[in-house]
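What the coordinates show
So you can see what is in the structure, the chains are spelled out below.
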Amino acid sequence: MAQLNIAVVVGSLRKESFNRQLATALARLAPPDVKFTQLRIDDLPLYNQDDDGQQAASVLRLKGAIQAAHGVLFVTAEYNRSIPGVLKNAIDHASRPYGQSAWAGKPAGVIGASVGAIGTALSQQHLRNVLAYLDMPTLGQPEAFIHAKEGLFDADGNVGEASRKFLQGWVDKYVAWVRQHQA
C-alpha cells in the first residue's frame, strides 16, 4: 500500500489543548508512509436534522476528508465525564443523513489526555459506544488514558521520554490495525 492517510479528530477547541498537542506528537511517531491530518470541526453548525438535505460546506468538507481517509484517530478530551459537545456534533454531522455515514467501516483509534488521574477513561468509553453504533472497528488494546502532567511533552512538543515507549507502541498498534482493515 502506498501512503496511509489517517484523519484525526481532536475533541477540544482550546488553543493550547493537551489533546491537540497529543495528536501532533503522535503524528511524529508514525512511520514515514503514514500521514496524520487533523480535521477542522470548530466551524460546524450545531447539528439539526432539518439541514440533512442541504448540508453546510463545512459539513461536506468534513465528510469528504473522512471518506478519503484510511482510518480515523479520535483524540478526545473529557468534559463532565463524557465526550465534548463539539466532538459529538462532528460525529452527528458526518453520520447523516441516515444511511450516508462517512464513518462506516473506517478503522478507529481512541486516545486522550487530561489532567485527571484517570485521563479520559470515561470519555473514551462513551465514544467507543458511539463508534460501535457507527460501524467503526475500533482498536481495543492497548488502552491509553494519558495523564497530562509535567514531562508529557518536551520543549519541542514531542512525547516526553517517560511516555515515548508506551505511545510509540500505541501508534504502531493503531497503524497495524488500520492496515489490517485495508486488506
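Scope of this entry: the structure provided in the associated data block. Computed from a predicted structure; not experimentally measured.

Describing the overall build of the protein
Tallying secondary structure elements over the protein gives 5 helices and 5 strands in all. Along the protein, helices (α) and strands (β) appear in the sequence β-α-β-α-β-α-β-α-β-α when read from the amino end. Radius of gyration (C-alpha) of the protein: 16 Å, near the 16 Å computed for a compact globule of 183 residues. Structurally, the protein occupies a C-alpha span of about 50 × 40 × 25 Å along its principal axes. The 183 residues of the protein split such that 47% are buried. Of the contacts made within the protein by residues no fewer than 6 positions apart, 78% connect residues no fewer than 24 positions apart. Carbon and sulfur atoms provide 52% of the accessible area of the protein, an area that totals close to 9,000 Å². When the 18 positive and 16 negative side-chain charges of the protein are each reduced to one mean point, those points stand 2 Å apart.

Some thoughts on unusual backbone geometry
The omega torsion of the bond from Arg-96 to Pro-97 falls at -5 degrees, within 30 degrees of zero and hence cis. Tracing the backbone through its elements, the reader meets Pro-97 in the loop between helix H3 (85-94) and strand E4 (108-114). Gln-141 connects to Pro-142 through a cis peptide bond whose omega is 0 degrees. In this structure, Asn-80 is a non-glycine residue whose phi angle is positive, near 55 degrees. In this fold, Asn-80 is placed in the loop between strand E3 (71-75) and H3.

Remarks on the nonpolar core
Counting 30 residues, the largest nonpolar core has Ile-6, Leu-22, Leu-73 and Ile-111 as the members making the most contacts within it. Looking at this core, the elements that each hand over two or more residues are strand E1 (4-10), helix H1 (18-28), strand E2 (34-38), E3, E4 and helix H5 (161-182). Counting residues per element, this core draws most heavily on H5, which supplies 7 residues. Not counting residues up to four positions away in its chain, the partners in contact with Leu-73 are Ile-6, Ala-7, Val-8, Val-9, Leu-26, Phe-36, Gly-109, Val-110, Ile-111, Trp-170 and Tyr-174. The next biggest cluster of nonpolar side chains, apart from the first, holds 25 residues, and it includes Ile-41, Leu-44, Ala-102 and Leu-134.

What counts, and at which threshold
Residues numbered from 1 in each chain as written. Predicted model: local features only at pLDDT ≥ 70, side-chain atom pairs only at ≥ 80, totals over all residues. Heavy atoms only, no water. Helix = DSSP H or I, 4+ residues; strand = E, 2+ residues; numbered from the N terminus. Rg over C-alpha atoms; globule rule 2.2 N^0.38 Å. Buried < 20%, exposed > 50% of the residue type's maximum accessible area, 1.4 Å probe, protein only. Contact = heavy atoms within 4.5 Å. Areas by Shrake-Rupley, 256 points an atom, 1.4 Å probe, with all protein chains shown as cover. Lys, Arg positive; Asp, Glu negative; His and termini not counted. Charge placed at Lys NZ, Arg CZ, Asp CG, Glu CD. Core = buried A, V, L, I, M, F, W, Y, C linked by side-chain atoms within 4.5 Å.

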